[in-house]
Amino acid sequence: MGLLKSYRLRLERKRWRMRAVRKRRQLAPVKNRTDQIAKSDIIVFCTLRNEVVRLPYFLKYYRELGVDHFVFVDNGSDDGTTDYLSAQPDVSVFGTHHSYKRSRFGVDWINWLLRKYGHQHWCLVLDVDEFLVYPFSDTRPIKALTDWLDASSVKSFGTMLLDMYPKGPIDSVKYEAGNDPFEHVHWFDSGNYTIQKNERYGNLWIQGGPRARAFFADKPERAPALNKVPLVRWDRSYAYVSSSHMLLPRGLNLVYDEWGGEKTSGCLLHAKFLDTFTSKSEEELKRKEHFANSHEYKAYHSGLVEDPDLWCKWSEKYINWRQLEILGLMSKGNWA
Amino acid sequence: MSVGFVMLVHDALDRAAQVARHWSEHGKPIVIHVDKRVDGPAFEYFKGKLADLDNVRFSERHACEWGNWSIVAATQSACELMLDAFTEVRHVYLSSGSCMPLRPVEEIQTYLDERPRTDFIESVTTDEVDWTVGGLDQERFTLRFPFSWKRQRRLFDHYVDLQRRLKLARRIPDGVTPHLGSQWWCLTRQTLSAILEDPRRAEFDRYFRRVWIPDESYFQTLSRLYSTQIESRSLTLSKFDFQGKPHVFYDDHLQLLRRSDCFVARKIWPRAERLYREFLVPASRALVMAEPNPLKIDRLFSRATERRTRGRAGLYMQGRFPNEGWENGKTSGRYSVFEGFTDLFEDFEAWIARRTGNRVHGHLFAEDQVHFAGGDAVYNGALSDSAQLREYSPQAFMTNLIWNTRGEHQCFQFGPADDQKVSEFLATDRNAQISIISGAWAIPLFHSNQNFSDLRKVAAHLQRIETAHLDLLRMGKTKARVRIWSLAEFIENPMENLQAILDEIGGIGQRRLSEVPVMADLSGFGQFLQNLKNQGMSPHLMGDFPLNQDSPEKPQGGRPYLVK
């Protein structure tokens, strides 16, 4: 990487950080418990809107993994999300009614909160429908992973977003608050992903899966990105560039090995396709607050009206992380 | 006579205290060195936790840094205290705060009592080790290392480089042969005191002060001077990964650790509740006199290193995206590509599927869609038959297909009418077996009912593409196994050629061919080619066909051709 390019990226990072500082005014604390955060705590950061149904299981899942504190940005919920979150003992909530889109889909808000509360912590940046699975996640808490990453001088942990879907129409099974979404929504595509390298930021750009297969077969380049770097030992000089897909400095995006080996990596199980999805995509279509003029939601919406079944006979049923490891969707690397 | 434990502690003090208490309550003396960088209150708290134990001592504290002399200095003072304070000690066992005993203390004691003169210390000459970090082995002893490897890496590297270039070398003290080995040893009082009371100790210490990672060489080298019986292995199970960082044990290693029969293991993750609970209980079983056998654990860790350094061939994912040339196999298994065969033979796909028992696809790279075996719309791994998705990354399509069908052998058809983007990938993949009958695409044209001028255009177009494809396959960087016949060549001896292909694929059908596919009717094909020539096109890929004459080998009426 040339000096000039590296300097440009530095300026760009500065710009994102300035932007985050500016956007901090849009955030008002609803319930600030960040003084509870202790030195080596692991913190989840998440932006959401009207997710009261999903929250109980989300919090339970990450508490069991060993997350110590949650920081939420509540973007104008009106379904009780705000009250529910404020009542949780390990949650801080910041509210805003400003545009999600103009905050670059929440990235500016999250960058600010990371800078303020995430410095020198292992931070997980997630959506409320993303569930982290890493090697040995059934027997080792997330602290074991971060301790090991620390000992290996690794500062970021790469994952792929794995879309999970039910067998049959998406709205065939009703999701109740507190349930494990993967009780019914437990099918995934195991081997139809494409990878390109983003030379500018050094990250991989992964696409594919059921969404590409069912909704983007005629325009695969618009299929959503599945590469994510959600777990980072944060420093206030870092900044996410676009969602949790990539960040700066670019070294943090190099979560893959280029010399034939495999780096330890995980999956974010994506419980997007619950029965709440159809109404959600209708709402998002109207709000036009999502990526690329809600292009994705348009595609889903028309796809869902025509043929709501993502399942096919080669769909794989989720069992555990070992299965994902064998299928090549994640790797233990040299963590044994 | 007893074994005494020297513990070097720098973090996870609670766990260290727990282990110290365990040993102490089993009547074994302990000397603990606590890193000077542990702050005062933490140290006092730690000391307080062990205050009720009269066989625990704390030695003079040094500030320890990895890879440098301070660790040896700490070990020396702790050992001196041990030998002075506890005269009944015969073996001194060096351990760390993240060590954990896997077997009852009585078993270690019995084991050592049976070997009263043996020193257990891994100690090998520099010629015999291949595990050193940073490629420094003999140079550890001949260069100087004033800079910290962890904090001042750049200075460290530059200074090493400078000394190499100036050919600077230190003199190794007389009579000393450098040895390396695990930091965790168990020495007899005789050997240990001989090292510590050596009249030349000042000289040795001065020398080792500037050796790199002296904790892996000081005692390992000097014990060679005094010991009467060295067992060159460590009683502590401690494995290092490819970066030279110790592997850590977690709760899920419980069974593995139990079955290893090792006495002590490190490092244990401080929060591995279950391990500490299970192993730090009073001896609950009859004593076992098994030899330590860490084979299974060795295998686990060497597999992990393999996964990290070589990875799985043909896999591309968020943790593995090799640069060109570093894939160690672009795809995960062998596969066969047939070009022109379905044009020449009427039922080639079904035939080869029967002969080999493999999955045989049609034209995977056809322009309209992906023609999977059996006309499936989705295939293994939920690969879609959409041509657009495939063309978005033909390479990923190929690697996915082969990865998804690991353990099977895929066969598919390819030709100049297909999308050609994948060509270069196929050519440079060592796993591809490509068989080509060049010019065979002219046969369907010959049989088709189109205007001749249109045929000519199509023929010229296909010939141009196939020529480029063949040129690519003949290039130096081609790694695929390639066989090229012109159509005329192939039909001279089709049986033998098909047999050669089948032999290469393997599988069932190892017998000689008894059934062959039906060949297309080629009577008049020579004239067809001549007509193309007359129209100004030059069909050259088919080879030489005699005008107005059936090819010599061509069976009458398209009957199957049998070989006995």
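Residues numbered from 1 in each chain as written. Chains lettered and ligands numbered in written order. Predicted model: local features only at pLDDT ≥ 70, side-chain atom pairs only at ≥ 80, totals over all residues. Heavy atoms only, no water.

**With respect to the overall build of chain B**
Regarding its fold elements, chain B presents 22 helices and 19 strands. For 564 residues, the compact-globule formula gives about 24 Å, and the C-alpha radius of gyration of chain B, at 36 Å, lies well above that figure. Taken along the three principal axes of its C-alpha coordinates, chain B extends 110 × 60 × 45 Å. The buried share among the 564 residues of chain B stands at 56%. Summarising the internal contacts of chain B: among those between residues at least 6 apart in sequence, 75% fall at separations of at least 24. Within chain B, one finds 73 positive and 73 negative side-chain charges whose respective centroids are separated by 4 Å. (Helix = DSSP H or I, 4+ residues; strand = E, 2+ residues; numbered from the N terminus. Rg over C-alpha atoms; globule rule 2.2 N^0.38 Å. Buried < 20%, exposed > 50% of the residue type's maximum accessible area, 1.4 Å probe, protein only. Contact = heavy atoms within 4.5 Å. Lys, Arg positive; Asp, Glu negative; His and termini not counted. Charge placed at Lys NZ, Arg CZ, Asp CG, Glu CD.)

**Re the packing of aromatic side chains**
Tallying each qualifying case throughout the model produces 61 aromatic pairs over all chains. Here the aromatic rings of F136 of chain A and W335 of chain A are separated by 5.5 Å at their centres, their planes lie at 85 degrees, and the arrangement is edge-to-face. In this pair, F136 of chain A is assigned in the loop between β6 (130-133) and α5 (142-151) and W335 of chain A in the segment after α9 (321-326), connecting sequence segments 199 residues apart. Taken together through their ring pairs, the aromatic side chains of Y57, F58, Y61, Y62, F70, F72, F131 and F182 of chain A make up a single cluster. Above the face of the F136 of chain A ring, R140 of chain A is positioned so that its terminal group lies 3.6 Å from the ring centre. The ring of W403 of chain B has R406 of chain B sitting right over it, with the charged end atom 3.8 Å from the ring centre. (Phe/Tyr/Trp six-rings, centres within 6.5 Å; stacked < 30°, edge-to-face > 60°. Lys NZ or Arg CZ within 6 Å of the ring centre and 35° of its normal.)

**Here's the deal with the confidence of the model for chain B**
Interpretation of this model should avoid reading the predicted coordinates in detail wherever pLDDT is low. Mean pLDDT over chain B: 88, with 93% of residues reaching 70 or higher. Here residues 551-564 of chain B is modelled with pLDDT under 50, and outside its nearest four sequence neighbours on either side it reaches 19 contacts, counting other chains as well. (pLDDT = per-residue confidence, 0-100.)

**A closer look at the pattern of salt bridges**
Residues and elements named next belong to chain B. Applying the stated criterion across every chain, the model contains 49 salt bridges over all chains. One salt bridge connects E80 with R201, and the closest N-O pair in it is separated by 2.6 Å. You can see E80 sitting in helix α3 (residues 70-85) and its partner R201 sitting in helix α8 (residues 201-208), a full 121 residues away along the chain. Residue classification places R201 among the buried residues on the basis of a relative accessible area of 16%. Here R390 and E391 are joined by a salt bridge, their closest N and O atoms 2.9 Å apart. Across the pair, exposure class does not vary: R390 and E391 are buried alike. (Salt bridge = Lys/Arg side-chain N within 4 Å of Asp/Glu carboxyl O.)

**A closer look at the interface of chain A and chain B**
The interface is formed by 59 residues belonging to chain A together with 48 residues belonging to chain B. Summing both partners gives a buried area of about 4,400 Å² for chain A against chain B, and 53% of it is carried by carbon and sulfur. Remark: the boundary between chain A and chain B carries seven salt bridges. The salt bridge involving R307 of chain B is made with E325 of chain A; its shortest N-O contact spans 2.7 Å. When contributions to the side of chain A that touches chain B are tallied by element, the ones reaching two or more residues are α5, β7 (156-163), β9 (193-197), β10 (204-208), α6 (209-215), β14 (266-270) and α9 of chain A. Partitioning the side of chain A that touches chain B into residue classes produces 27 nonpolar, 18 polar and 14 charged. (Buried area = accessible area lost by both parts, 1.4 Å probe. Nonpolar A, V, L, I, M, F, W, Y, C, P; charged D, E, K, R; others polar.)

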